[in-house]
Each structure stands twice: as structure tokens, then as C-alpha cells.
Amino acid sequence: MREEFIIKVLDRASEFISECQIMKLKAILEEELYKYDLQPATTELVPINSMPEKIMLFLASKKLDGRAVSTLETYKRYLIQFSQFIQKEPSDITTMDIRMYLATFTKNNVKNSTLATVIYVLKSFFGWLHAEEYITRNPMAKIQATKKERNLRKALTHEELEMLRMACKTDRERAMLEFLYSTGCRLDEVVKLNKDDISWNDDSIKVLGKGRKERIVYLNAKAKVHVWRYISSRKDENEALFVSSKQPYGRIGKRGIEKIISALGKRAGLKQDVFPHLIRHTTATHMLQSGASLAEVQEYLGHDSPVTTQIYAKLDRESIRISHKKHLAG
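What counts and what doesn't
Residues numbered from 1 in each chain as written. Predicted model: local features only at pLDDT ≥ 70, side-chain atom pairs only at ≥ 80, totals over all residues. Heavy atoms only, no water. Patch = residues over 30% accessible without salt bridge, like charges linked within 9 Å, V, L, I, M, F, W, Y side chains within 5 Å. Areas by Shrake-Rupley, 256 points an atom, 1.4 Å probe, with all protein chains shown as cover. Salt bridge = Lys/Arg side-chain N within 4 Å of Asp/Glu carboxyl O. Helix = DSSP H or I, 4+ residues; strand = E, 2+ residues; numbered from the N terminus. Expected span 1.5 Å × (residues − 1). Buried < 20%, exposed > 50% of the residue type's maximum accessible area, 1.4 Å probe, protein only.

**What to know about a nonpolar patch on the surface**
Here's step 1: On the surface, Phe85, Met96 and Met100 cluster together into a nonpolar patch covering about 330 Å² of accessible area.
Here's step 2: When you line up the elements, Met100 lands in helix H5 (residues 95–107).

Structure, rendered in C-alpha cells:
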């Protein structure tokens with residue numbers, strides 16, 4: 001009950017105080033409430049299903065852990081669907097209940113990737129319930145994860161990247177493209193950045209990534225020149241690194257950046273769709289092709305596991321052919 005109370009308080013407080021203050025408040029609450037045993041006031045005469053409340057607490061907990069808004073929305077959507085299908089108390093749900101639910105996806109010919117996401121969400125939810133001692137056994141323990149089909153987009157070649165550069169018409173477009181390529185940042189990370197986050201002395205930027213993990217990324221020579229030119233040309237006082245092109249010059253969101261990068265791809269005449277994550281993929285691939293180690297790329301991109309980096313920065317056949325020719329020419 002104590003942990004539940006802290007989660008609820010921090011979730012509400014996160015709407016108007018900073019992340020640093022949230023962490024301090026969490027420490028204070030844990031220290032002070034350690035002395036007390038909390039019990040909820042009993043006002044209900046009829047027992048109610050506690051699943052909606054547990055879902056809310058789970059989402060609040062993951063929000064405090066630094067999960068992205070899009071991730072929280074995915075959790076919420078699938079957990080609400082699950083609770084509407086099962087309609088049981090969390091402690092009463094069995095492995096068979098879950099198998100029956102998952103079977104509905106198979107019957108409806110749902111993509112393997114969707115099923116894998118549902119299983120991942122349920123494993124995360126029931127694992128949390130078990131860790132927080134809301135349930136005595138985890139019904140997801142015997143459910144095997146489903147492998148997703150991975151349709152990896154081929155990274156842009158250096159020639160294609162140059163075509164994108166030539167397609168830029170404004171300082172903002174060029175600065176955005178060079179920034180994405182040089183830093184390899186996730187879209188969500190770019191949106192949150194401010195102009196003052198750039199240290200021009202050593203061309204570094206401190207990025208707050210997934211799970212509130214900090215890492216340092218850098219501007220190469222081209223990125224430094226074009227980002228500086230873009231910032232210098234702006235007439236607004238907004239602290240955001242990238243802003244809209246029209247008044248009131250607000251911080252540009254994810255969809256805005258996606259539209260700009262997509263339009264560049266079409267204007268450049270590239271056959272494949274171009275989007276921010278493809279630029280990140282290109283950064284990783286070019287780093288590996290230039291001799292960077294897997295560990296270096298993993299650290300730069302902010303991946304928790306080298307397995308992710310191996311998949312994300314997979315070398316194409318042409319790279320292997322060139323490497324073979326270089327090292328086994330004779």
C-alpha cells in the first residue's frame with residue numbers, strides 16, 4: 001500500500017514539477033512513510049474489479065521510469081483490451097485465461113509482430129504485479145515470447161545522403177538533417193532538446209534517452225556549421241532547438257520533423273521512404289562501415305543491449321563484398 005501511495009503522489013506531482021524534484025520527493029516519501037503502515041479507507045459496500053486501478057498504477061510507475069509517451073499509450077491500449085476480455089481480478093487470472101486471450105489473435109490472423117507486442121506488454125504488466133506483490137504467482141511465466149518479423153530498412157548510402165542534402169531548401173531543413181545524421185538521436189530526444197543543450201566548446205550535446213539515461217552525442221563539422229547557421233538566422237526567443245517556421249514559432253513536434261524528413265526524401269527522388277529513424281539507422285551503419293566497434297556504436301546510440309545494435313546496424317551485402325575484396329583480395 002505504501003508503494004502504491006507513493007506512485008500515485010508522484011504521478012500527480014509530475015504534471016507540475018521537474019524530474020529532478022520528482023526524484024527528491026520520491027526519496028523523502030520513502031523515508032518518511034517507512035515509519036507508517038498505510039491502509040485504504042473502506043467505503044465500498046460491493047466489491048469492485050481492481051484491474052483498472054492496477055493498470056493505472058502500472059502506467060504511472062512506467063511513466064516515472066521514463067517510458068516514452070508512445071510506449072505508455074501502447075501499454076494502455078493493449079491492457080484495456082485485455083481487461084475487457086478477461087474481466088477478472090488480477091490475482092484470479094490464470095495462464096489458461098491468457099492463452100485463450102492470445103488465441104483470439106491467431107484466429108483473426110493478426111500479424112506476428114502485433115502478437116509479440118501484446119505478449120511483451122502482458123509480461124511487463126504481470127511481472128510488475130508480481131514484483132509489487134499484488135499477485136503471488138505470475139501467470140505469464142510459462143508464456144513464451146513470440147519473435148517479431150524484422151523488416152529492416154536498408155541504410156542510406158553516402159550518395160543518397162548527399163542527395164538529401166542537395167534537396168534541402170532552408171537552413172532549418174539542412175540543420176535538422178545534419179543534426180539527425182551526426183548525433184543518431186531518437187526522434188523523441190530531438191524534440192525535447194533546447195539550444196542551450198549544445199556545448200559549442202567541444203560540439204557535444206547531453207541527451208536524455210530512454211529510461212532517463214544520459215549520454216553524450218556530438219556534432220560533426222557539417223552539423224556544427226548548419227545548426228549554428230540555423231540558430232543564428234532565427235528571430236524568435238524560443239528555447240527549443242527546432243521550432244516551427246511560422247509564428248508563434250513553437251517547439252516542433254515529432255510529426256512535424258517526420259513531415260520535413262519525408263518531404264526531403266521525395267524531393268530528392270529517393271525510391272524508399274525516408275524518416276528520422278532511417279537516418280539513425282544510417283548513422284549506425286556508416287559508423288560500423290568506417291571502423292567503429294559494436295560497443296562504441298551501442299554506447300553512442302544509447303542501446304541497452306548489443307543485440308539491438310547488431311540488428312539495428314546490420315551491414316548490407318555490399319559492405320561485406322567490399323570488406324572481402326579488401327581483406328581477401330589475393
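**A closer look at helix H8 (residues 171–183)**
Here's step 1: A rise of 1.5 Å per residue sets the reference length of H8, with its 13 residues, at 18 Å; its end C-alpha atoms lie 18 Å apart and thus fit the reference within 8%.
Here's step 2: Among the 13 residues in H8, 12 count as buried, and that is most of the element.
Here's step 3: Taken residue by residue, H8 has Arg172, Glu173, Arg174, Ala175, Met176, Leu177, Glu178, Phe179, Leu180, Tyr181, Ser182 and Thr183 as its buried positions.

**So, the pattern of salt bridges**
Two side chains with opposite charge may pair up if their charged atoms get near one another.
Here's step 1: This structure, assessed with the given rule, holds 13 salt bridges.
Here's step 2: Two residues, Lys88 and Asp97, come together in a salt bridge whose shortest N-O distance is 2.9 Å.
Here's step 3: Lys88 sits in the partly exposed class, given a relative accessible area of 32%.
Here's step 4: Residue Asp97 is classed as buried on the basis of its relative accessible area of 16%.
Here's step 5: Residues Glu239 and Arg251 are paired through a salt bridge, measuring 3.7 Å at the closest nitrogen-oxygen approach. Here Arg251 lies in the loop between helix H10 (221–233) and helix H11 (254–268) and Glu239 lies in the loop between H10 and H11, a separation of 12 residues in the sequence.
Here's step 6: For Arg251, a relative accessible area of 34% corresponds to the partly exposed category.
Here's step 7: Here the residues in one salt-bridge network are Glu162, Arg165, Arg174 and Glu178, joined through shared partners.

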